[in-house]
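# Chain and residue survey
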Amino acid sequence: MHRITITVNGQEHHCEVSPESLLVSLLREQLGLTGTHVGCDTSQCGCCTVLLDGVSVKACAVLAVQADGCSINTVEGLSKDGVLHPIQEAFSACHGLQCGFCTPGMMMTAACLLSTNPTPSDEEIVHAIEGNLCRCTGYVNIIESVREASRLIATQQA
Ligand code: FES
Ligand code: FES
């Protein structure tokens, strides 16, 4: 077992993990953060997307030990003091989800995109979410949701 320290949504955790433990297992099973979903065993679906030091990663493709010393943001950290994040507001307003299984990953991918590119084009949104699969929506409302999130964030910052 390895002892690691990670900061998740601003809170520091000291954890014992086996060398083969995945980051997604650490988040879900040890820390109880089940908003990060597991939708495949081939690292294709993107349901497990989180931010690792600000960059979106598939948490099923990262070993827990690789996250030692890192800062992780999960979907649970988007809202603050019960107030939805603009990305969450936008997905709700634009019906960017149906079953919701892909949604945590979609929103964390959107968070990564908008942090580096606050006003992405539709083409850039499509490119950003190409590693996130959705079986329900046909993607149109997801793209609209990311556009709306961009608008909401700009409005908040004005
Ligand atoms: S669970 Fe499907 S990419 Fe991670
Ligand atoms: S809303 Fe069902 S998989 Fe995307």
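Because the structure is predicted, anything quoted here is derived from the model rather than measured.

Definitions and limits used
Counting of residues starts from 1 at the beginning of each chain's written sequence and follows it residue by residue. The order in which chains are written sets their letters, starting at A; the order in which ligands are written sets their numbers, starting at 1. In view of the model being predicted, local features appear only for residues whose pLDDT reaches at least 70, and side-chain atom pairs are presented and counted only at 80 or more, with totals across whole chains, interfaces and linings using the full set of residues. Only heavy atoms go into the side-chain values, all of them from the structure, while hydrogens and water stay out. The split into domains, and so the bounds of each, comes from an automatic or database assignment of domains. In this description, contact between two residues means that some pair of their heavy atoms is separated by no more than 4.5 Å. Using a 1.4 Å probe, buried area is obtained as the accessible area two parts lose upon being combined, added over both of them. One side-chain nitrogen of Lys or Arg within 4 Å of one carboxyl oxygen of Asp or Glu is enough to make a salt bridge. N or O atoms closer than or at 3.5 Å make up a polar contact, with two conditions inside protein: a donor-capable atom paired with an acceptor-capable one, and, for residues adjacent in sequence, both atoms drawn from side chains. When residues are grouped by polarity, Ala, Val, Leu, Ile, Met, Phe, Trp, Tyr, Cys and Pro land in nonpolar, Asp, Glu, Lys and Arg in charged, and all others, Gly among them, in polar. Two strands qualify as a pair provided that DSSP identifies no fewer than 2 bridges between them. Secondary structure elements are taken from DSSP: a helix is a run of H or I of four residues or more, a strand is a run of E of two residues or more, and numbering for both begins at the N terminus. Fitting a line to C-alpha atoms yields each axis, with helices limited to the stretch in contact; the angle taken between N-to-C directions then spans 0 to 180 degrees.

## Regarding the domain arrangement of the protein chain
Annotation of the protein chain at the domain level lists domain 1 (2-75) and domain 2 (86-157). Contacts between domain 1 and domain 2 engage 18 residues on the former and 14 residues on the latter. Summed over both partners, the interface of domain 1 with domain 2 comes to about 1100 Å²; 65% of that surface belongs to carbon and sulfur atoms. In terms of surface lost to domain 2, no three residues of domain 1 exceed His37, Cys47 and Val75, which account for 38% of the buried area on that side. Linking domain 1 with domain 2 are zero salt bridges. Taken together, the links from domain 1 to domain 2 amount to five residue pairs in polar contact (both at pLDDT 80 or more). Here the side of domain 1 that touches domain 2 is built from residues that sort into seven nonpolar, ten polar and one charged.

## What about the sheet that holds strand β2 (residues 11-17)?
Across the sheet, which stays open at both edges, the five strands sit in the order β2-β1-β5-β3-β4 with mixed pairing between neighbours. Bordering the open sheet on either side are β2 and β4 (55-58), each of which pairs with just one other strand. Pairwise comparison of adjacent strand axes, ignoring direction, gives a mean angle of 40 degrees for this sheet. In this sheet, β4 lies alongside strand β3 (residues 49-52) in antiparallel orientation, the contact comprising four bridges. The residue of β4 that forms the bridge with leucine 52 is valine 55.

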